[in-house]
Amino acid sequence: MAKPIIGIPAEYQLVRDLYRNTVNQGEVAAIIKAGGVPVLIPTREPDLAVAYSELIDGLLLPGGPDVAPRFFGEEPLPEMGEADDRLDETEIELINLAFAARKPMLGICRGAQVINIALGGDIYQDIGTQIDHQTYQHHQKAPLDQGSHYVDFAEGSKLQQIFRGQRHVLVNSWHHQAVRKLAPQLKLTAKAGDGVAEAVESKDNDLILAVQWHPELMYRKNADEFAIFEDFIRRVREA
Ligand SMILES: [Mn+2]
């Protein structure tokens, strides 16, 4: 394969008085450094997901706004943040198409949640109010290129392999939602000490790795975080 084409769904944002399709530079730069070719996927027309999915070799689901709860059968709680139906619909469609076509995926933050929802799981709309014990600070006030809480990797997980055998790793954290009920095709492979889900991987194949933290903001100073992107491009090449 020539350099693999990695699709990244874009947010729809008002920036300097104009609506724009935006993807963060962190993901774009990490994919390029790892040997992929990032391609922005506009998300205003969910019906185009089929056409876009045929163009790409792998799918990166980035961070972004909250997922609208109707996609997992709930009504919105007061603590829910901003959401965008069309972003949700487009991503859910792209995930299902990638899964059916066996195209590898990497999820980051919201990406981990939307992968789980697309495949039949659900999420906490707000971990601070829906988990009945005190949770950690998952919306860190420290700079985002620094870790703030630890995560524990499952024995034998892909993450343990990517992180050279380590199972207790400091990561950054910028979320108030998290995976709750797991989709049947996924296994939980990282948790924070407060029980919050921090990563999922596909059960029976190499198709999905999705982390709740932000490796795209840490990889410049942390080779293990960059290895998440190298592993993704390797999975796409070998798919
Ligand atoms: Mn966290």
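If you're wondering where the values come from, they're calculated on a predicted model, not measured in any experiment.

Peer 1: Residue-level account of the overall build of the protein, with values.
Peer 2: The helix and strand tally for the protein stands at 7 helices and 13 strands. Rg of the C-alpha trace for the protein: 16 Å, near the compact-globule value of 18 Å for 239 residues, within the 12% margin. Taking the principal axes of its C-alpha atoms as reference, the protein extends roughly 45 × 40 × 40 Å. When contacts within the protein are restricted to residue pairs at least 6 apart in sequence, those whose partners lie at least 24 apart make up 68%. By element, 51% of the accessible surface of the protein is carried by carbon and sulfur atoms, the whole surface being about 10,800 Å². Here the protein carries 24 positive and 35 negative side-chain charges, and the mean point of each set is 6 Å from the other.

Peer 1: Could you give an account of helix H3 (residues 85–100), naming the residues involved and the relevant values?
Peer 2: A rise of 1.5 Å per residue sets the reference length of H3, with its 16 residues, at 22 Å; its end C-alpha atoms lie 23 Å apart and thus fit the reference within 8%. Capping the start of H3, Asp 84 holds a side-chain oxygen 3.1 Å from the backbone nitrogen of Arg 86, two or three residues further along. Where H3 terminates, the next one or two residues include Arg 102, which has phi positive at roughly 55 degrees.

Peer 1: Got a sec to walk through a nonpolar patch on the surface? Specific residues and values, please.
Peer 2: Judged by side-chain polarity, Tyr 12, Leu 14 and Tyr 19 come together as a nonpolar surface patch covering roughly 340 Å² of accessible area. Within the element layout of this structure, Tyr 12 appears in strand S2 (residues 11–15). Owing to a relative accessible area of 36%, Tyr 12 belongs among the partly exposed residues under this scheme.

Peer 1: Before we move on, could you go through the coordination of the manganese ion and cite the residues and values that matter?
Peer 2: Taken together, His 138 (ND1), His 149 (NE2), Ser 173 (OG), His 175 (NE2) and Glu 198 (OE) make up the full set of protein donors to the manganese ion, lying 2.2 to 2.3 Å away. Donor residues for the manganese ion, ordered by position in the chain, follow H-x10-H-x23-S-x1-H-x22-E. Taken together, the residues His 138 in the loop between helix H5 (127–130) and strand S8 (149–153) and Ser 173 in the loop between strand S9 (168–171) and strand S10 (178–179) connect sequence positions 35 residues apart. Ser 173 carries the same exposure label as His 138, and that label is buried.

Peer 1: Describe the pattern of salt bridges, and please don't skip the residues or the numbers.
Peer 2: With the rule as written, the count across this model stands at 16 salt bridges. Across the pair Glu 89 and Arg 70 runs a salt bridge, and its minimum N-O distance is 3.3 Å. Residue Glu 89 is located in helix H3, and its partner Arg 70 is located in the loop between strand S5 (58–61) and H3; the two are separated by 19 residues in the primary sequence. Here Arg 70 falls in the partly exposed class, since its relative accessible area comes to 48%. The closest approach of N and O atoms between Asp 231 and Arg 234, which form a salt bridge, is 2.8 Å. One end of the pair, Asp 231, and the other, Arg 234, are both in helix H7 (residues 223–238), 3 residues apart, so they sit about a helical turn from each other. Residue Asp 231 is classed as buried on the basis of its relative accessible area of 8%. Here the residues in one salt-bridge network are Lys 158, Asp 206, Asp 231, Arg 234, Arg 235 and Glu 238, joined through shared partners.

How each quantity is defined
- Residues numbered from 1 in each chain as written.
- Predicted model: local features only at pLDDT ≥ 70, side-chain atom pairs only at ≥ 80, totals over all residues.
- Heavy atoms only, no water.
- Helix = DSSP H or I, 4+ residues; strand = E, 2+ residues; numbered from the N terminus.
- Rg over C-alpha atoms; globule rule 2.2 N^0.38 Å.
- Contact = heavy atoms within 4.5 Å.
- Areas by Shrake-Rupley, 256 points an atom, 1.4 Å probe, with all protein chains shown as cover.
- Lys, Arg positive; Asp, Glu negative; His and termini not counted.
- Charge placed at Lys NZ, Arg CZ, Asp CG, Glu CD.
- Expected span 1.5 Å × (residues − 1).
- Polar contact = N/O pair within 3.5 Å; in protein donor to acceptor, adjacent residues only side chain to side chain.
- Patch = residues over 30% accessible without salt bridge, like charges linked within 9 Å, V, L, I, M, F, W, Y side chains within 5 Å.
- Salt bridge = Lys/Arg side-chain N within 4 Å of Asp/Glu carboxyl O.
- Buried < 20%, exposed > 50% of the residue type's maximum accessible area, 1.4 Å probe, protein only.
- Donors = N, O, S within 2.8 Å, 3.2 Å for Na, K, Ca; no water.

As far as function goes, none of this settles anything; it's purely spatial.
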